[in-house]
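The lines below spell out each chain.
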Amino acid sequence: MSRRALLRVGACLAVAAAGLKTIAGNAAPTTEYRIGPAPGRARLKGSDAPETAVWSYNGQIPGPEIRLRQGEPVRILVENGLGEDTTVHWHGIRLPNAMDGVPGLTQPPIRPGESFLYEFTPPDAGTFWYHPHANSLQQLGRGLAGALIVEEAEPIEVDRDLLWVLGDWRLDTEGQIAPGFGSPMEAAMSGRVGNTVTLNGAAPADLEVRAGERIRLRLVNTSLARIMALRFEGHRPVVVAVDGQPCDPYEPADGRLLLAPAMRLDLVIDMQGEPGKRYAIRDDFYEGLGYELTSFAYSSQPPLRENPLDASLRLPGNPLPRPDLQSATRHELLLEGGMPGMNNMQGGAGMQGMAKMMSGGMGGMKHGQAVWSINGTAMTGDGHAGMQPLVTLARGQSHFVTLRNRTAWWHPMHLHGFSFRVLSRNGAAVPHNQWADTVLMAPDDSVDIAFVADNPGDWMLHCHITDHQTAGLMTVLRVE
Ligand code: C2O
Ligand code: CU
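Conventions we followed
- Residues numbered from 1 in each chain as written.
- Chains lettered and ligands numbered in written order.
- Predicted model: local features only at pLDDT ≥ 70, side-chain atom pairs only at ≥ 80, totals over all residues.
- Heavy atoms only, no water.
- Pairing = 2+ DSSP bridges.
- Helix = DSSP H or I, 4+ residues; strand = E, 2+ residues; numbered from the N terminus.
- Axes fitted to C-alpha atoms, helices over the stretch in contact; angles between N-to-C directions.
- Polar contact = N/O pair within 3.5 Å; in protein donor to acceptor, adjacent residues only side chain to side chain.
- Core = buried A, V, L, I, M, F, W, Y, C linked by side-chain atoms within 4.5 Å.
- Buried < 20%, exposed > 50% of the residue type's maximum accessible area, 1.4 Å probe, protein only.
- Contact = heavy atoms within 4.5 Å.
- Donors = N, O, S within 2.8 Å, 3.2 Å for Na, K, Ca; no water.
- 1 Å grid on protein atoms, 1.4 Å probe; cavity = no way out; pocket = protein on both sides within 12 Å on 5 of 7 lines; lining within 4 Å.
- Points joined across faces, edges and corners; volume = space filled by probe spheres on them.
- Nonpolar A, V, L, I, M, F, W, Y, C, P; charged D, E, K, R; others polar.
- Domains from an automatic or database assignment.
- Phe/Tyr/Trp six-rings, centres within 6.5 Å; stacked < 30°, edge-to-face > 60°.
- Lys NZ or Arg CZ within 6 Å of the ring centre and 35° of its normal.

S.K.: Tell me what's going on with the sheet that holds strand S7 (residues 115-120), and back it up with residues and numbers.
M.R.: In spatial order, the strands read S1-S5-S7; together these 3 strands make up an open sheet with mixed pairing. Either end of the sheet is taken by a strand with one partner, and the two such strands are strand S1 (31-35) and S7. Sheet twist, expressed as the average angle between the axes of neighbouring strands with direction ignored, equals 15°. With 5 bridges connecting them, S1 and strand S5 (residues 74-79) associate as parallel partners. Looking at S5, one finds that Glu32 is bridged to Arg75.

Here you go:
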């Protein structure tokens, strides 16, 4: 199905209101989208490979790219064409709690055949995404995810602005999605890491580039569980935003970019390679399981310009409330559980490790059982009525939270409703003024974050390795 299938009903309204805006100075235009999650089919492995039965938004993998303008309201109608309940969570967007998409906690689930209208005004420009928050293992694992871009009023100067939505699938020999979601063994280890990585819903093809051009590259990891560590051979990507929030532009020291599930990075890359050459982009996160994701293929054209573009890489700031560290209330969240560490499995388990565990006896564990906890409590699933908050945060106050990973596994910890400052990791200050909504914790890491609790409601905090979330690595923070 083409992009036209996506109804951008608000176009006329937008033009009319924009006219009014100049005259009246108010009445921001409203953009409207419709997205329908439903069963569909997709060619994930190229045109020769068999089609895969998937669940998708508007028949597209990834779902339609939603483009909004900072500070302008949007209405998104979600029409449930699945045979089960769903919701949509607008990951990273600071919005009213009732629009956050957590079933039972912030809204009733959307029943099959029913719809729900989400309405919000994105305060921050940046790279965000959306996905279901119901039966997440299957709904996300079968393909429901899409990017949501909020455009800056004045973007930085680049030649091209590209989006890579990265996905990970576990396909069987027929090219169909393998069963076995929610394996208790995987839940206690690295989660359901797949065997097929897609870029914008397809087998990654080379990206054709021209020497001298400047590209803004927005990366979104929509995987259930796969953590990525990307290296750009022969290039020096500059990180300009983390989880949609601008940072002081920086080149990662070792050239390795960690991108765990739910994380986003905005990069600016000056194409400094040689015309006609090919430069690999590799993911080597899991030891011994590195692979080439894609590559930059230079055209033979002469460079677009002699020297890199002389324009600022600094994105305009977002209106984030700055936490006051002096007066901040302190909290500590202890992550515990999972399988004990084994030397050969740090950084996530290979299949051998899994097989070992199989025979090692996890037979007593059941699907949906808690194997992780936060401060000794465990919430399982995706969200349901009656979830009691672990802590209540005073509204309008600054809060300083120390997250301690007392497990042998990596966890991208996501907080709904807020972007937080990432202050320090294992006692060392985190440079470049980084904000995030999902912070990746290595085994034994301790990370300090801070934010102003300016948005009332019950907000989830959970690991975004979906198997971990549904098996207990989740809690609720109440702001009131
Ligand atoms: Cu992407 Cu509960 O989140
Ligand atoms: Cu986790």
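S.K.: Tell me what's going on with unusual backbone geometry, and back it up with residues and numbers.
M.R.: Here the bond from Ile61 into Pro62 is cis, since omega is -10°, no more than 30 degrees from zero. Along the chain, Pro62 falls in the loop between strand S3 (52-57) and strand S4 (63-69). Its identity as a non-glycine residue notwithstanding, Ala262 has a phi of 85°, on the positive side. Locating Ala262 in the fold gives a position in the loop between strand S17 (256-259) and strand S18 (264-270). You will see that Asn375, though not glycine, has its phi angle at about 50°, which is positive. Topologically, Asn375 is positioned in the loop between strand S22 (372-374) and strand S23 (379-380).

S.K.: Could you give an account of the side chain of Asn318, naming the residues involved and the relevant values?
M.R.: Here Asn318 is to be found in the loop between strand S20 (291-298) and strand S21 (329-337). Within polar-contact distance, the side chain of Asn318 engages the side chain of Gln70 at 3.1 Å.

S.K.: Requested: an account of the nonpolar core, with residues and values cited.
M.R.: Ranked by size, the top nonpolar core spans 96 residues in total, and within it Leu217, Phe232, Leu267, Phe296 and Met413 carry the most contacts. Not counting residues within four places of it along the chain, the set of residues in contact with Met413 comprises Leu335, Ile374, Phe420, Asp437, Thr438, Val439, Met441, Leu461, His462, Cys463 and Leu473. In this structure, Ile66, Val74, Val78 and Tyr118 belong to the second largest nonpolar core, which totals 25 residues.

S.K.: Please give an account of the coordination of the copper ion (ligand 2) that cites residues and values.
M.R.: All of the protein donors around the copper ion (ligand 2) are His411 (ND1), Cys463 (SG) and His468 (ND1); their distances to the metal are 2.0 Å. Mapping the donors of the copper ion (ligand 2) onto the primary sequence gives the spacing H-x51-C-x4-H. His468 shares its class with Cys463; the two are buried.

S.K.: Describe the layout of surface pockets, and please don't skip the residues or the numbers.
M.R.: By volume, the largest pocket is sized at about 710 Å³. In this structure, the largest pocket is lined by 28 residues; those nearest its centre are Tyr250, Arg256, Leu258, Arg425 and Gln434. Those elements that place two or more of their residues in the lining of the largest pocket are strand S15 (238-242), S17, strand S27 (420-425), strand S28 (428-429), strand S29 (435-436) and strand S30 (438-441). Broken down by class, the residue content of the lining of the largest pocket amounts to 20 nonpolar, 3 polar and 5 charged. Each of domain 2 (160-298) and domain 3 (329-479) contributes no fewer than three residues to the lining of the largest pocket.

S.K.: Account for the sheet that holds strand S8 (residues 126-131), naming residues and giving values.
M.R.: One open sheet accounts for 4 strands, arranged S4-S9-S8-S6; its pairing is mixed. Of all the strands in the sheet, the pair left with one neighbour each is S4 and strand S6 (89-91). The average angle at which neighbouring strand axes cross in this sheet is 25°, direction not considered.

S.K.: So, the packing of aromatic side chains: which residues are in play, and what are the values?
M.R.: Counted under the stated rule, the structure contains 12 aromatic pairs. For the ring pair Tyr279 and Tyr298, a centre distance of 5.3 Å and an interplane angle of 70° mean the geometry is edge-to-face. Of this pair, Tyr279 sits in strand S19 (residues 278-283) while Tyr298 sits in strand S20, and the two are 19 residues apart along the sequence. When sorted by exposure, Tyr279 lands in the same class as Tyr298, which is buried. Taken together, Tyr57, Trp90, Phe116, Tyr118, Phe120 and Tyr130 form an aromatic cluster joined through their ring pairs. Sitting over the ring of Trp55, Arg142 keeps its end group 5.2 Å from the ring centre. Just above the ring of Phe181 sits the side chain of Arg192; from NZ or CZ to the centre is 3.7 Å.

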